[in-house]
Amino acid sequence: MRYWEGESTAVWERKWNVPYLEIHESLPSTNDRARELARERAIPFSVVIAEAQTAGKGRAGKRWDSPAGMGLWLSFLLTSRSQREPVLVPILAGLAVARAIEALCSGSEPKIKWPNDIELDGRKVAGILCEGEGTGTLVVGIGVNVRQAEEDFDRILQGRAISLEGAGYFVERGEFICALFSEVHRFLDPLPKFLDESLRREFECRDTLIGRMVSTDTGLQGRAMGISSDGALILEVDGILSAIRAGSVRVNSAQSKKQT
């Protein structure tokens, strides 16, 4: 597509401060297309957008529902110089998405569920999927539900997912990406080697898990105590702190509450 949301791709490249942009009517997965670009030696912050994905991906092989015109389905490339940085990227990208929502949705309070979900009103509004492509290259996929009504979601997602419009916020998609990439550049260009104290405090203010009893997908159970400087989730298990650097977690029960 040469034009999207009333402007040419060249105009959007300038507005978003990205070196290369592809916009497609439909793709199986923007992450997969971005990986192809990485193999073609595309430069960092090259961006792929699709109006619809036919095989959108979430974490752990889950499908990401990506209906045409209903959201923002995009991926971009990053260069990584250490093994530590990829652990931080979902955290930093999540902060960028949360800040973009706050900037355009007055009164909103976006939260982050470690490691890669952004929530509004306790329901998932956006997600992040980071994948490696060769040595030193990362593909960062971001999906944001923008226009879906409740009935537009798959039945299994109803009550668990929400869109910006479903939460009462109406935004222009191009304007949202402008706000998003302003924050992406702030957080990810260059990639930091660790989360400093201010970033950890900002994450803690948005953390939906801190103080709650959770279980990991490996069966470990404990109380979430925040995150470490390298982006790991800290669990207190029988009085001992453990760092979880991969996988996902779920809250043990609806009655589990944050500590006060």
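Residues numbered from 1 in each chain as written. Predicted model: local features only at pLDDT ≥ 70, side-chain atom pairs only at ≥ 80, totals over all residues. Heavy atoms only, no water.

Undergrad: Looking at this structure, how should I read the pairing of strand β7 (residues 117-120)?
TA: Side-chain positions along a regular strand alternate between the two faces of the sheet. Across the two faces of β7 the burial is the same, with D117 and E119 and I118 and L120 all buried. Examined bridge by bridge, strand β6 (residues 111-113) and β7 share 3 bridges and lie antiparallel to one another. Pairing of K111 across the sheet is with E119, part of β7. From the end of β6 to the start of β7, which pair antiparallel, there are 3 residues. Here β7 runs beside strand β8 (residues 123-132); their pairing, made up of 4 bridges, is antiparallel. Pairing of L120 across the sheet is with R123, part of β8. Where β7 folds back on β8, the antiparallel hairpin that results is connected by 2 residues, among which D121 adopts a positive phi of roughly 50°. (Buried < 20%, exposed > 50% of the residue type's maximum accessible area, 1.4 Å probe, protein only. Helix = DSSP H or I, 4+ residues; strand = E, 2+ residues; numbered from the N terminus. Pairing = 2+ DSSP bridges.)

Undergrad: What is the right way to look at the nonpolar core in this model?
TA: Nonpolar side chains tend toward joint burial in soluble globular proteins. The biggest cluster of nonpolar side chains holds 62 residues, and the ones touching the most others in it are F76 and L164. When sequence neighbours within four positions are dropped, the list of residues in contact with F76 reads F45, S46, V47, L138, V139, V140, I142, F181, V184 and L188. If you look at the next biggest cluster of nonpolar residues, it comprises 8 residues, including L37, A50, L77 and V139. (Core = buried A, V, L, I, M, F, W, Y, C linked by side-chain atoms within 4.5 Å. Contact = heavy atoms within 4.5 Å.)

Undergrad: I would appreciate a short explanation of the sheet that holds strand β9 (residues 137-145) in the present structure.
TA: The strands making up a sheet associate through hydrogen bonds between their backbones, and the pairing can be parallel or antiparallel. Across the sheet, 7 strands lie side by side as β3-β4-β5-β9-β8-β7-β6; this open sheet has mixed pairing. Strand pairing shows two members of the sheet lacking a second neighbour, β3 (21-27) and β6, which therefore form its edges. On average, each strand axis in the sheet is tilted by 20° relative to the strand beside it, whichever way the strands run. Bridge analysis of strand β5 (residues 71-79) against β9 gives 9 bridges, and the strand direction is antiparallel. Residue pairing across strands places L72 opposite V144, the latter belonging to β9. Against the sheet, helix α1 (residues 9-16) engages β3 and β4 (47-53), with an angle of about 120° to β3. (Axes fitted to C-alpha atoms, helices over the stretch in contact; angles between N-to-C directions.)

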